[in-house]
Amino acid sequence: MRAHVVIIGAGYAGAMAAKRLLRTRSDVTVTVVNPRPHFVQRIRLHQMITAGYDATVSFDRALPRAAHRVFGEVTTIEARLGRLTLDDGSVLDYDYLVYAVGSGQSPTTGAAEHRFSVSEFEDAVRLKSRLAALDEKAAVCVVGGGLTGIETAAELAEHRSSRITLVTGGIVAPDLSERARSAILRTLTDLGVDIVTESRVTRIDDAFCELAGGVRVEADCTILATEFGVPELARRSGLPVDDLGRLKLDDRLECPSHPNIVGAGDAVAVGDLSLRMSCQAAIPLGVHAAETILHRLEGSAPRPVAPQFAGRCISLGRRRGVFQRTTRVDDATGMFVAGRAGAFVKERVCSSTTDWALTPRRSFFYSWT
């Protein structure tokens, strides 16, 4: 009998799982459920909002032709029955399930109409429209000192005459080495970005961001680039989740209570491992999730996953960037590349990430054992 594998999500993890399964077995039926009919290059969304970069790839190119495609949102997983319910009321049965629903922007205080983000394609489209409607010199506030916030602020500063302010509740680029962080701060300052650190945003209005203590930062547009959250699907379906709502998995990427459910990407918690939400983790996890299913189909024991990170890449506009070398467990080392060389490495990694996701091959960045 043919095994039916359903994959929820067609991001980096879900696309990789589909390719690995269908490239290996001819007796497996794969159905991919996704809310939109294209693959999104999430690492390009900050470029899309300023210079019109096309951050999408058609499913004809992103997914194997043999993969069945269903467009919609999964509302419930009935793990005991091996069944999914979609938002249109339709039902899908599965033998194996790949949980790869990804992540999105966590909400913060302030009216929704005044908050923007680059966490999802639809969010980036909405933000692009907002920026196009603003005066070129309007004030823009980016909230979040992580990599997404840095890249968004730098991109805006390079392409607009707007007053750009970057606000963070801690320090900028806290997970990078001191020297790499200094290089980022110098470049942001050169681009004209005002940086406010150790300041938490408490309220967002149509003309300002209010910080703890009552200080207000002028903002005709406020962009959230703070911590990401995950969908409530696993929790709502009664599956084991951690405090963030991520599906709990063992080191073989199987759900302990329902081993025919495997997971990959941002929305899963793998044993005691601490895996950064990133395509650098999602791609190999997607491959490994598929491998786990293949082992089960063959009657052999799946292998545990072991992280093998290589670095963190940050674009600072189109002409400058930083590549921070990390250990295999993602701790920053003393080695980094900045300036034009950093921008070159960042662009090569972004291009190869999409190419590798669409045409899998061995890669230094995405080969985990």
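Scroll up to find the structure.
Residues numbered from 1 in each chain as written. Predicted model: local features only at pLDDT ≥ 70, side-chain atom pairs only at ≥ 80, totals over all residues. Heavy atoms only, no water.

**A few points about the environment of Ile 223**
Relative to the assigned elements, Ile 223 resides in strand β18 (residues 221-224). Taking relative accessible area as the criterion, Ile 223 reaches 0% and is therefore assigned buried. In the structure, Ile 223 is positioned 124 residues away from Tyr 99 in sequence and 29 Å away in space, judged by C-alpha atoms. With residues near it in sequence (within four places) discarded, Ile 223 still touches Phe 116, Ser 117, Leu 127, Val 140, Cys 141, Val 142, Val 143, Thr 152 and Leu 156. (Helix = DSSP H or I, 4+ residues; strand = E, 2+ residues; numbered from the N terminus. Buried < 20%, exposed > 50% of the residue type's maximum accessible area, 1.4 Å probe, protein only. Contact = heavy atoms within 4.5 Å.)

**Thoughts on the packing of helix α1 (residues 12-24) against helix α8 (residues 279-298)**
At their nearest, the axes of α1 and α8 sit 7 Å apart, and the two run at 35° to each other. In this structure, the crossing between α1 and α8 has a hand that is right-handed. Counting all contacts with α1, which are made through Tyr 12, Ala 13, Met 16, Ala 17, Arg 20, Leu 21 and Thr 24, the residues of α8 involved are Cys 279, Ala 282, Ile 283, Gly 286, Val 287, Ala 290, Glu 291, Ile 293 and Leu 294. Looking at the contact of α1 with α8, its residues break down into 12 nonpolar, 2 polar and 2 charged. (Axes fitted to C-alpha atoms, helices over the stretch in contact; angles between N-to-C directions. Left-handed = near helix turned anticlockwise from the far one by under 90°. Nonpolar A, V, L, I, M, F, W, Y, C, P; charged D, E, K, R; others polar.)

**Examining the sheet that holds strand β12 (residues 139-143)**
Strand order in the open sheet formed by 5 strands is β11-β18-β12-β13-β14, with parallel pairing between adjacent strands. Here the strands that pair on one side only, and so sit at the sheet edges, are β11 (115-117) and β14 (194-196). Looking at each pair of strands side by side, their axes are set apart by 25° on average, direction ignored. Strands in contact with helix α4 (residues 121-133) are β11, β12 and β18; relative to β11, the strand with the most contacts, it is inclined by about 120°. (Pairing = 2+ DSSP bridges.)

Fair warning: the whole summary comes from geometry, so function is off the table for now.
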